[in-house]
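# Notes for the structure review
Chain by chain, the residues run as shown.
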Amino acid sequence: MYDSKPVITGIVIFLVIFTYPLWSNVGSASTPPKPDAKPALEYAKKANLPETCVMGKDYMRTSHMVLLDNWRDHVVRQQDRIFVVEDENGKTVAQYKISLTSECMKCHSNKKTFCDSCHNYMAISPYCWDCHLEPKEVK
Amino acid sequence: MTWDRRKFLKVTGIGAAVGLSAGWQLLKPGALEAAELETKYVKNPSGIPLSAGGRWGMAIDITKLDDKSCSAAVEACTKQHNVPQYLDEDGRPIKQEIKWIWETEFGHAFTEKENQYIPGDVMHSKVLALCNHCVNPPCVRVCPTQATFQRADGIVMMDMHRCIGCRFCMAACPYGSRSFNFKDPRAAYFNQKDPETGKPRLDEVTSEYPTRTKGVVEKCNFCAELLAIGQMPACVQAAPGVLFFGDMADAGSDVRRALSDRYSIRRKPSLGTEPQVFYLI
């Protein structure tokens, strides 16, 4: 192999520079937030609301934005203001007023730990709060 | 069985069309997640009932309107809907003011006059103006996104989530009932300190109703959010005996009784928009 010294040195330098973003960030990834369900349950008890959320936990984790989008259309455009929660047998467990600020936030009362922690982690900034007002925290 | 080219193309073509259309439905973001929600909605049972085919309407007794009832109605609305009050240093509304219900003069509100010899005190007398919730709303016809639409109960509603701020509706409305948010109401008003209390105004507003954002049009919604929970509109509650509200199809409703006792007029009737706000004179 001709000129092996400068070629190999060049390849090594290239690889070091090329992979710099990978190895320089090792270990510095932020840990995913874990919203705690316990305070929500306490607030639910205080506000006289049932322990079941409007949909299952898995659904809410992946699709709460779909639910909120669906809610706003139903409230503003179709005047449906109550959301019915049923158990597996189709029995009504709870009825929720459809409102982000005056129903969701009754239990999930801390916007910082509940909404913002995940949204910040995912680096998304939904514009809900440009108009909707965060209720004063229930003590 | 042998397939010639013609048959092969036919079968694969049809197959591709079916597959694409089914796939398109699945690919629509959120369609599947939203589908399971659709059966779970009900109307609020405590909402004020409306007779079949009925629509909401209002009557304003302008002979009884005075400073007190006017400002009470306007204030109640402002508070209910977090309407910013943009004022200049002298306390007068600036050009970018946001109006839901506002005080004006008879001569300004009623421009179609029979003659020019109407007494001055009549022309300058107080009138409350608001969205007329027309039967034939021109604003709804021009809205390109259906952000403003007419509900079955006659209320001409705004969906702020859809408004793109084109202001066609403002050009179309013959009554000037619509206001555009040239500024962000949070930054320009609610985050500002109240000169009286020294605290940001946001501390005192209700979180039950959202504020708006820069670049949307807003207007009176006949307090649809209060009707849904069984209450009369805020202005009607604030000025009892002056403002009447109810079902236009029910002859026994407050508004219809007020209208059957007295002669009433409407703003710009010749346009054919059929306003549902009546003025008792």
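Residues numbered from 1 in each chain as written. Chains lettered and ligands numbered in written order. Predicted model: local features only at pLDDT ≥ 70, side-chain atom pairs only at ≥ 80, totals over all residues.

So, about the pairing of strand S2 (residues 92-97) of chain A. Residues and elements named next belong to chain A. Relative to S2, strand S1 (residues 80-86) runs antiparallel, the two being bridged by five bridges. Considered in S2, the bridge of Phe83 is made with Tyr96. Counting the residues that bridge the hairpin from S1 to S2 gives five residues, and of these Gly90 lies at a positive phi of roughly 80°. (Pairing = 2+ DSSP bridges. Helix = DSSP H or I, 4+ residues; strand = E, 2+ residues; numbered from the N terminus.)

Before going further, it helps to spend a moment on the sheet that holds strand S11 (residues 277-280) of chain B. Residues and elements named next belong to chain B. An order of S9-S2-S11-S10 is seen for the four strands of this open sheet, with the pairing classed as mixed. Looking at the sheet topology across the chains shown, the edges are occupied by strand S9 (243-247) and strand S10 (264-265). Relative to S9, strand S2 (residues 56-61) runs antiparallel, the two sharing five bridges. Pairing of Gly57 across the sheet is with Gly246, part of S9. Across the sheet, helix H11 (residues 254-261) is in contact with S2, S9, S10 and S11; its angle to S9 comes to roughly 120°. (Contact = placed C-beta atoms within 7 Å. Axes fitted to C-alpha atoms, helices over the stretch in contact; angles between N-to-C directions.)

With that settled, the discussion passes to the nonpolar core. One finds B:Ile60, B:Ala73, B:Ile101, B:Cys235 and B:Leu243 to be the most contacted residues of the largest nonpolar core, which totals 51 residues. The contact partners of B:Ala73, leaving out residues within four places of it in the chain, are B:Ile101, B:Leu128, B:Cys235, B:Ala238, B:Ala239 and B:Leu243. Within the second largest apolar cluster, eight residues are counted, among which are A:Val66, A:Leu67, A:Phe83 and A:Ile98. (Core = buried A, V, L, I, M, F, W, Y, C linked by C-beta atoms within 7 Å. Buried ≥ 20, exposed ≤ 12 C-beta atoms within 10 Å, placed from the backbone.)

Before going further, it helps to spend a moment on the sheet that holds S1(A). Within a sheet, adjacent strands bond to each other through the backbone by hydrogen bonds, running parallel or antiparallel. Judged by pairing direction, the sheet is antiparallel, and its three strands sit side by side in the order S2(A)-S1(A)-S1(B) without closing on themselves. The outermost strands of the open sheet, each flanked by one partner alone, are S2 of chain A together with strand S1 (41-43) of chain B. The mean inter-strand angle of the sheet, taken between neighbouring strand axes irrespective of direction, is 35°. Strand direction decides the pairing type here: S1(A) and S1(B), joined by three bridges, are antiparallel.

Before going further, it helps to examine helix H1 (residues 4-18) of chain A. Compared with the 21 Å implied by 1.5 Å per residue over 15 residues, the 21 Å span of H1(A) between its first and last C-alpha is a close match. Among the 15 residues of H1(A), zero are classified as buried, and the element is accordingly described as predominantly exposed. (Expected span 1.5 Å × (residues − 1).)

Turning our attention to unusual backbone geometry. Residues and elements named next belong to chain B. Positive phi values are uncommon outside glycine, yet Phe222 reaches one of about 55°. With respect to the helices and strands, the residue Phe222 is situated in the loop between strand S8 (217-218) and helix H9 (224-227). Assessed through the 25 C-beta atoms surrounding it within 10 Å, Phe222 is described here as buried.

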